[in-house]
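Topology and contacts: notes
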Amino acid sequence: MSFRSLIQDMRDEFGSISRHSLRSRSHRSAGNASRAAAAGPSEAMDQSCWSQLPPELLREVLVRIEASESWWPARKDVVSCAGVCRTWRGIMKEAVRVPEVSGKLTFPISLKQPGPRDGTLKCFIRRNRTTQTYYLYIGLTEALADDGKFLLAARKCRKPTCTDYLISLDKVDMSKGSSTYIGKLRSNFLGTKFTVYDAHPPYDGAVVSKSHSARVVGLNQVSPRVPAGNYPVSHISYELNVLGSRGPRRMNCVMDSIPASAVEEGGKAPTQTEFPLSSLDSFPSILFFRSKSARIDSSTSQSSSSDRLVLKNKSPRWHEQLQCWCLNFCGRVTVASVKNFQLVASDDNGPGNQENDKVILQFGKIGKDLFTMDYRYPISAFQAFAICLSSFDTKIACE
Amino acid sequence: MAAAADSSGDGGTSSGEKTIVLVSSDNSARFEVREAAALLSQTVRRMIDEAGADASGDGITLPDVDAKTLAKVLEYCNKHAPASSSSSAAEAAPPAEGEEDLERFDREFVRVDMGTLYSLVTAASYLKIEGLLNLTCQTIADMIKGKTPEQIRKTLGITSEFTPEEEDEVRRENAWAF
């Protein structure tokens, strides 16, 4: 039974229960109201009745809000309602559909969920060279960039043997210990290979990557606490193409947490539904992920990537007259740059060159320190952002 | 309020149109209304069907709606009732008033205190009056929009009952969203 149909059943049950009790409940409140009418309405009495509003009526109100506040900045009203109390939260969380279906971003967890199947989510990235920080926004309008709604921030941290980009829900606080930390991109010394790490398990059976050992998080295991771990979710590599640095570089992204079947007919990608509630002192919380992925080999070695989704960049065409490499960015990229790319799902053996393939991630320059990022199912905003950061960092074929 | 109509539910107006008597929960008030207005309520419609043309002749008692609320609800129904009172077409027939006039009426109608609004939305739900339910739910929704969780709780007198961890999550969500 799917989670959604379980909620539907509960709702139907609830509806019939409350229909019975509605009589007594509203009779009591109707009684209150008439007494109030005699005495003069008192605010305190007016207010207390709202917590007894029958759930189906509350739902009528909340779904209207969810439907009308469909885009940012108004969408924050949906988040606000989900923060009022348990009942409101339950109803609102059930009313909000995942981005895969709705094409809307609502809660922070939306950033860890696959993008829409229809169309793309159009975002943009601002780079601050001074602070070595990158900010991801989703556009508020059809413009290439506008004020935007802030999504994620990443700060570059150079280390002796590698570079880390720490990714956070907060523009300012990007420390690993913070509750807003959600993952990182790590590059190797040469800037040719990158690994994206999720701070939280992307699916059941995910492997925690520690420096010397690997520990599998069990399917229904109750963890004493949820560590802000390092769960590798993709491996990115850059190579020169046959023309060396005169030609566009080749990108290869192995999406460890997404099965190759995700892009096939009827395929599904893992979808996180909650950030694990983590507190060192709290009672164990049961990790619950609506993991629809096929059983995935728990080893993270790149050699067993045959059942994982691999993304490759679409090869640009050489334009004889313009004397440059061209990709059709559909107006979303306006400045030529070696960083610009389009990622498509690749065949196991062939290069990612099919014209019919949907572009899953597109990234490109539109101004000084300003870039667009368009992504879609099956990758999430977090994964897309991390992959784009690697394009900034890689030393392959730099101008 | 009930005028000089006879006590049987099947009263008549001077124009000969069928009327229905509705009685509030505490039995304190009886309202004689045009059938077309009363039938905007699916609940009343069902009660009439079940009772068989109001066999008791005493009017229809609505146990969940008090006098003050019923008066207000009927104000709405009278305004929104279709011109013709043929029961099967009541829903589909256009109301007697013009649309702009109705919109203005609706806007004024919901300018009430929170307690009355609460009574109206629950009454609209119980009586199954679609237009009134829409109007009241939308009014409440508009009242909630633009507020922080704390402001919503204050306005409606709700306590959150979150655990400290849930509160943290809510705080993080809102910090990110706002």
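Not measured: the values here are computed from a predicted model. Residue indices begin from 1 for each chain and proceed along its sequence in written order. Whichever chain is written first is A, and whichever ligand is written first is 1; the rest continue in order. In keeping with the predicted nature of the model, local features appear solely for residues at pLDDT of at least 70, side-chain atom pairs appear and are counted solely at 80 or more, and the whole-chain, interface and lining totals rest on all residues. With hydrogens and water stripped out, all remaining heavy atoms of the structure feed into the side-chain values.

Looking at unusual backbone geometry
A cis amide bond, omega 0 degrees, links A:Trp72 with the succeeding residue A:Pro73. Inspection of the secondary structure puts A:Pro73 in the loop between α3 (55–68) and α4 (76–81). Omega for the peptide link from A:Tyr377 to A:Pro378 comes to 10 degrees, which places this bond in the cis form. Numbering of helices and strands runs from the N terminus, with a helix taken as a DSSP run of H or I at least four residues long and a strand as a DSSP run of E at least two residues long. Structurally, A:Pro378 is set in the loop between β18 (370–375) and α7 (381–393). Phi at B:Asn27 takes a positive value of approximately 65 degrees, unusual for a residue other than glycine. Checked against the element boundaries, B:Asn27 lands in the loop between β2 (18–23) and β3 (30–34).

Re the confidence of the model for chain A
In this model, chain A carries an average pLDDT of 79, and 71% of its residues clear a pLDDT of 70 or more. Counting interchain partners and residues more than four positions distant, the pLDDT-below-50 stretch residues 210–225 of chain A has 28 contacts. Each residue carries a pLDDT score, the predictor's confidence in it, ranging from 0 to 100. Contacts: residue pairs with any heavy atoms within 4.5 Å of one another.

Let's talk about the packing of aromatic side chains
Aromatic rings in a pair are described by how distant their centres are and how their planes are angled relative to each other. Residues and elements named next belong to chain A. Two aromatic rings from Phe, Tyr or Trp, using only the six-membered ring of Trp, form a pair when their centres are within 6.5 Å; if the ring planes differ by under 30 degrees the pair is stacked, by over 60 it is edge-to-face, and anything between is tilted. Here the structure, examined in full by the defined rule, presents 14 aromatic pairs over all chains. With 5.2 Å between their ring centres and 15 degrees between their planes, Phe 124 and Tyr 137 make a pair best called stacked. Residue Phe 124 is located in strand β1 (residues 121–128), and its partner Tyr 137 is located in strand β2 (residues 133–138); the two are separated by 13 residues in the primary sequence. For the pair Tyr 134 and Phe 392, a centre-to-centre distance of 4.7 Å together with 45 degrees between the ring planes defines the contact as tilted. Separated by 258 residues along the polypeptide, Tyr 134 in strand β2 and Phe 392 in helix α7 bring together distant segments of the chain. You'll find Tyr 134 and Phe 392 in the same group, each marked buried. Taken together, Tyr 134, Tyr 165, Phe 341, Phe 363, Phe 371 and Phe 392 form an aromatic cluster joined through their ring pairs. The buried label goes to any residue with under 20% of its type's maximum accessible area, the exposed label to any with over 50%, and the partly exposed label to all in between, with areas taken from a 1.4 Å probe on protein chains only.

Topic: the sheet that holds strand β3 (residues 149–158) of chain A
Strand-to-strand pairing in sheets goes through backbone hydrogen bonds, with the strands running parallel or antiparallel. Residues and elements named next belong to chain A. Strand pairing requires that DSSP identify at least two bridges connecting the strands. Judged by pairing direction, the barrel is antiparallel, and its twelve strands sit side by side in the order β1-β2-β3-β4-β5-β6-β10-β11-β13-β16-β17-β18 before closing back on the first. Neighbouring strand axes in the sheet, compared pairwise and without regard to direction, differ in orientation by 20 degrees on average. Note that β1 and β2 share six bridges and pair antiparallel. The residue of β2 that forms the bridge with Arg 126 is Tyr 135. Where helices are involved, their axes are fitted lines through C-alpha atoms of the stretch in contact, as for all axes, and angles between N-to-C directions lie from 0 to 180°.

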